Structure formats: C-alpha cells, structure tokens
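So you can see what is in the structure, the chains are spelled out below.
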Amino acid sequence: MNELVLEHSPLENLERCLERIQEREREINAFIELNPRAEEEARRAERHGGRLCGLTVAVKSNINVRGLRATCASKTLENYVAPYDAVAVQRLRSEGAVIVGMANMDEFACGSSGETSYFGPTQNPAAEGRIPGGSSSGSAAAVAAGFADAALGSDTGGSIRNPASHCGVVGIKPTYGLVPRHGLIDLAMSLDQIGPIARDVRTAALLLEVIAGRGREASMLDVQPQPYTRHLSADLAGVRVGFAREFEEVTSPEILGVIKRSLRRLEAQGAEVVEVELPSLEKALPTYYLIVFVEFFSATRRYDGRRYGYRIEEVCGAEVLRRIHLGSYISQKEYAGRYYRRALQFRSLIRRELLQALEQVDVLAAPTTPKLPHRLGESLTPLEMYAYDLLTVPANLAGIPAGVVPAGRVRGIPVGLQVHAKPLEEQVMLNVMLAAEGAE
Ligand code: GLN
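Residues numbered from 1 in each chain as written. Predicted model: local features only at pLDDT ≥ 70, side-chain atom pairs only at ≥ 80, totals over all residues. Heavy atoms only, no water.

Peer 1: Would you take a moment to explain the overall build of the protein chain for this structure?
Peer 2: In terms of regular secondary structure, the protein chain is built from 16 helices and 11 strands. In terms of overall dimensions, the protein chain has a C-alpha envelope of 55 × 55 × 45 Å along the principal axes. A separation of at least 24 residues holds for 76% of the contacts in the protein chain among residues at least 6 apart in sequence. Accessible surface, the protein chain as shown: approximately 16,700 Å² in total, 48% of it carbon and sulfur. For the protein chain, the separation between the mean place of its 50 positive charges and that of its 54 negative charges on side chains is 4 Å. (Helix = DSSP H or I, 4+ residues; strand = E, 2+ residues; numbered from the N terminus. Contact = heavy atoms within 4.5 Å. Areas by Shrake-Rupley, 256 points an atom, 1.4 Å probe, with all protein chains shown as cover. Lys, Arg positive; Asp, Glu negative; His and termini not counted. Charge placed at Lys NZ, Arg CZ, Asp CG, Glu CD.)

As structure tokens, then:
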C-alpha cells in the first residue's frame, strides 16, 4: 500500500488543523501566512483523490507557492508574492495535498534556532520556552503542534534535521539532486535540498516518494522516483550500522546517552553496530561556513532594491549581514585561492571519508545536534550558534541522504537519531529509521 489513509475527509482534516492553529498559533508563531484558498484545495482533493489526498502541508517560506508570499522571513522579500509553484509543491498538489500556509524560518535560512526571522521567533511546541531549531523552524513546529500533517523544509547544513530533532518529528534531507530545487530560493545552491518533515517515517517516506525524481534542472540526478513506502521494512537482519568515535567527542553526554540506547535497540533488532572513523569531522564546520558565505553572498546580489522591495543590506538582520560581509571579503580575488579553493579541497576530503566509511556499513548513525535546544531569548555568540551544525553539515558537503527520527527525550526535550546512507540509498536509511521509530 503506498498511499495515505487519513482518518477524516480532507475538509474535516483541514478543519482540525485550523482549530489547533486557532488555539495555539499566537503562542507558537509557526506561520508567516495562512493559505486563504486551503478550503477550496481540500474540496478539490475530495473530488480528485491522489496518494496524498487531504494531507495538510506547511511550506517553508523560501519555497514558491503561487499566490502566497515567499518572504524567506525577511523584510527584503516581505511583499514578494510567488508567481508560480515550485516543482516539489506542484507534485504535492497533483497528489491531493492541501497547502495550509507558509512556515516561519530563520531569515534567508541562515540560522539554527528559528530566532532570526523578521516575523519573530517560533516556539518549540514539544519543549516549552525552548527554540524549535532552524532554519525550518516553522515547518517542524507546525508538524509537532498538529497545525499540519507534514511540511516541506530546506536543508543546506541541517535545517530540516535540526528542528526535526528538537521538535520530536521526522525530517529528511535527500541525496543532493534527488528532489528538484526549482522554486527554492537559494541559500547556497551547491548544498540546498528540499525535503519532507512529518510525524512518522511512513508519511515522510511517502512525501519523499512524491517529490523525488528528475525535473528540468541540469543539476538533477537522472533518477526515477522510487516506491519507498512499498519497500519499507523494519527488518534489520544483516544491516550494518556504523558509528564514529568522532561523533562522541563533540556531543553532550545526555544526548549521547539517548543515541547509545537507540543503537542498542537497533542491535537487539538484528543490526550489527560497527565502529568507523571520520578523522576530518572537525573540518566540516569551517569548510561548510566558508562555502555558504561565498555562495550566499553571490545569491544575495539580486536583492539590490531594483527588482524587489528593498536593498538587502539596508533591511536585513545581523546574521544575514555578517554573511554578506564575510562572503564579499572571501570572494575578493586576492583571497580566492587562500580560502575558497581550500574549502573545496576539504569538501572533497570530507566526502571521500564519509563514502569510505559508508563502504564498510549500510548506514551511519549519529546524533543530530551536539547539544539540547537553548531557551528562547538566551543570547549565543555566532560561533556557539554555528556549533549546532557540527553533525549535520557533513551530509550536505558529501551530498548524501540523512534523516532524523525521534529517539528519546532528555528532561522532556526531544532528541533525534540521525541516519546517513550512500547517495540514492534512501530506502535503507528509511528502513533503519522505521526500526528506530517509536522509542519514546
Ligand atoms: N544552520 C546552518 C546555517 O545557518 C544551516 C542552514 C540551513 O540548512 N539552511 O547555515
């Protein structure tokens, strides 16, 4: 069976989501804008059916949804109304999904906490008073709060996986090139991927199945969509799960405790846990940020105040401005060889190490973030904020798939297990995630 069976009709399902939004959205702030045509879409879904018939979806505000604002949670694009649907959105709609609204996020997807939005921070529905993580903060929060059955996020260095972990939901960053990026507003185009967030692995797998596969872009992999849900299996007999000591060194003991318990459960289900080495893990974070600064700086040059409302430097927040300045500095000719080229070399090294480790095993398990989400309003230095991404950026640098599934809690705060696989091996990743699911 590879379609969704909702308990309620599309219209009833939407109404339930809207009721929950009515009750809690003021406190959570998961949305920048609700879709005024959602009801009409639910009625259409009732008539036409589809594999996602009536599934309510929140879309991150950096993905184009025709007629709604793709603000990137910025003042720069505050009034930018999307003239078309991103390919991933088109595909969801063609299977009967109903778009609930545009989800809040860190400004231009630059952040790991959901606090840098021009539209105010998002609360974590699963851990009161804490950040939901970012940058797909509203997408994960909307799913955790029951405002939507699922969501689309984007992941450049962890932005789907990090909030999924903090909010206790499932999030997937697909293989680079598997899901069309057409209609996604760039943070760093060599790293960005659109992916699903959902309450369970099966729904996330179904969403991925619908949005994956060749599109019009040159950077797309020439692959057909796979029926992941048909082959979903929690049977771990013969599955080898790698774990690197380098992950332990950077992770807080309380998170590590949850992850180790999760590994022991996988073992009890038949998996073999194997130690692997990733000696260059510590280079991943600086490498990632160098590349992001340069690519983001270049992507922001179109916001010069002529085509869109404002010149970005005049209205953006501190983090976006910092990246523009650093990106501009690094891009200057005399430094090109010194920083950027070296970053690309390290990127190849990290990719090689990950692929080598993955040759010995089927999947690589890891924590998602090194630390628990901080309290909203607590002030972190930029480096402390970047440190959240230590364990998520390697997958982006290597272009491999990685998914997060709830693994347990520490003092009531959700912790997600991260599962990496070889390029295009989403199926084995999803199967291990399925086996790990339900630990709470
Ligand atoms: N936190 C990372 C950053 O700020 C990741 C962002 C993302 O994946 N969009 O760059």
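Peer 1: Please clarify how the packing of aromatic side chains should be interpreted in this entry.
Peer 2: Each aromatic ring pair is described using two quantities: the centre-to-centre distance and the angle formed by the ring planes. Applying the stated criterion across every chain, the model contains nine aromatic pairs. Centroid distance phenylalanine 293 to tyrosine 386: 6.4 Å. Interplanar angle 55°. Geometry classified as tilted. Taken as a pair, phenylalanine 293 in helix H9 (residues 281-300) and tyrosine 386 in helix H14 (residues 382-386) lie far apart in primary sequence, 93 residues in all. Taking relative accessible area as the criterion, tyrosine 386 reaches 8% and is therefore assigned buried. Members of the aromatic cluster, connected to one another through ring pairs, are Tyr288, Tyr289, Phe293 and Tyr386. Above the face of the tyrosine 388 ring, lysine 371 is positioned so that its terminal group lies 4.2 Å from the ring centre. (Phe/Tyr/Trp six-rings, centres within 6.5 Å; stacked < 30°, edge-to-face > 60°. Buried < 20%, exposed > 50% of the residue type's maximum accessible area, 1.4 Å probe, protein only. Lys NZ or Arg CZ within 6 Å of the ring centre and 35° of its normal.)

Peer 1: Explain the site of the ligand to me, please; I cannot follow it from the model alone.
Peer 2: By nearness alone, 15 residues border the ligand, and Thr156, Gly157, Ser159, Tyr288 and Arg323 come closest of all. Between a nitrogen atom of the ligand and a side-chain N or O atom of serine 112, the distance comes to 2.8 Å. Look at the ligand: alone it shows 290 Å² of surface, and the protein chains cover 100% of it. Residue composition of the shell around the ligand, by class: five nonpolar, seven polar and three charged. (Near = heavy atom within 4 Å. Polar contact = N/O pair within 3.5 Å; in protein donor to acceptor, adjacent residues only side chain to side chain. Nonpolar A, V, L, I, M, F, W, Y, C, P; charged D, E, K, R; others polar.)

Peer 1: Explain the packing of helix H3 (residues 87-94) against helix H6 (residues 201-211) to me, please; I cannot follow it from the model alone.
Peer 2: One way to put it is that H3 packs onto H6 with a least axis distance of 8 Å and a crossing angle of 110°. Between H3 and H6, the angle falls in the class roughly perpendicular. Note on packing geometry: the crossing formed by H3 with H6 is right-handed. Contact residues: Ala88, Arg91 and Leu92 in H3; Leu207, Val210 and Ile211 in H6. (Axes fitted to C-alpha atoms, helices over the stretch in contact; angles between N-to-C directions. Parallel < 35°, antiparallel > 145°, perpendicular 65-115°, else oblique. Left-handed = near helix turned anticlockwise from the far one by under 90°.)

Peer 1: Explain H3 to me, please; I cannot follow it from the model alone.
Peer 2: Turn by turn, an α-helix covers 3.6 residues, leaving residues three or four places apart pointing in a common direction. Buried within H3 we find Val87, Ala88, Val89, Arg91 and Leu92. For H3, the elements touching its buried residues are strand E2 (56-60), strand E3 (98-103), strand E4 (150-155), strand E6 (193-198) and H6. One or two positions beyond H3, positive phi appears at glycine 96, with a value near 90°.

Peer 1: Hey, could you run me through the state of the cysteines in this one?
Peer 2: Working definition: the covalent bond between the sulfur atoms of two cysteines is a disulfide. One pass over the full model with this rule turns up zero disulfides. Not part of a disulfide, cysteine 167 finds its nearest cysteine sulfur in cysteine 17, a span of 16 Å. On the basis of relative accessible area, cysteine 167 is assigned to the buried category, the value being 3%. (Disulfide = S-S within 2.5 Å.)

Peer 1: Hey, could you run me through the pairing of E6 in this one?
Peer 2: Walk down a regular strand and you will see the side chains alternate between the two sheet faces. Burial analysis of E6 places six of its six residues in the buried class, which makes it a mostly covered element. What you see with E6 is no split at all: Gln193, Gly195 and Ile197 on one side and Ile194, Pro196 and Ala198 on the other are buried throughout. Across six bridges, E4 lies against E6 in antiparallel orientation. The residue bridging serine 154 from the neighbouring strand is isoleucine 194, located in E6. (Pairing = 2+ DSSP bridges.)

Peer 1: Quick question: what am I supposed to make of the sheet that holds strand E8 (residues 272-276) here?
Peer 2: Within the open sheet, the 11 strands sit side by side as E1-E3-E2-E4-E6-E5-E10-E11-E9-E7-E8. Their pairing is mixed. One side of each edge strand has no neighbouring strand; the edge strands of this open sheet are strand E1 (31-34) and E8. Strand-to-strand twist in this sheet, taken as the mean axis angle between neighbours without regard to direction, amounts to 30°. Looking at chain direction, strand E9 (residues 363-367) and strand E11 (residues 413-421) are connected through five bridges and run antiparallel. Bridge pairing links alanine 366 to glutamine 418 in E11. Running over the sheet, H6 touches E4, strand E5 (170-173), E6 and strand E10 (402-410) and is turned about 150° from E6. Helix-sheet contacts for helix H13 (residues 340-360) involve strand E7 (240-244), E8, E9 and E11, and the interaxial angle to E9 is about 115°.

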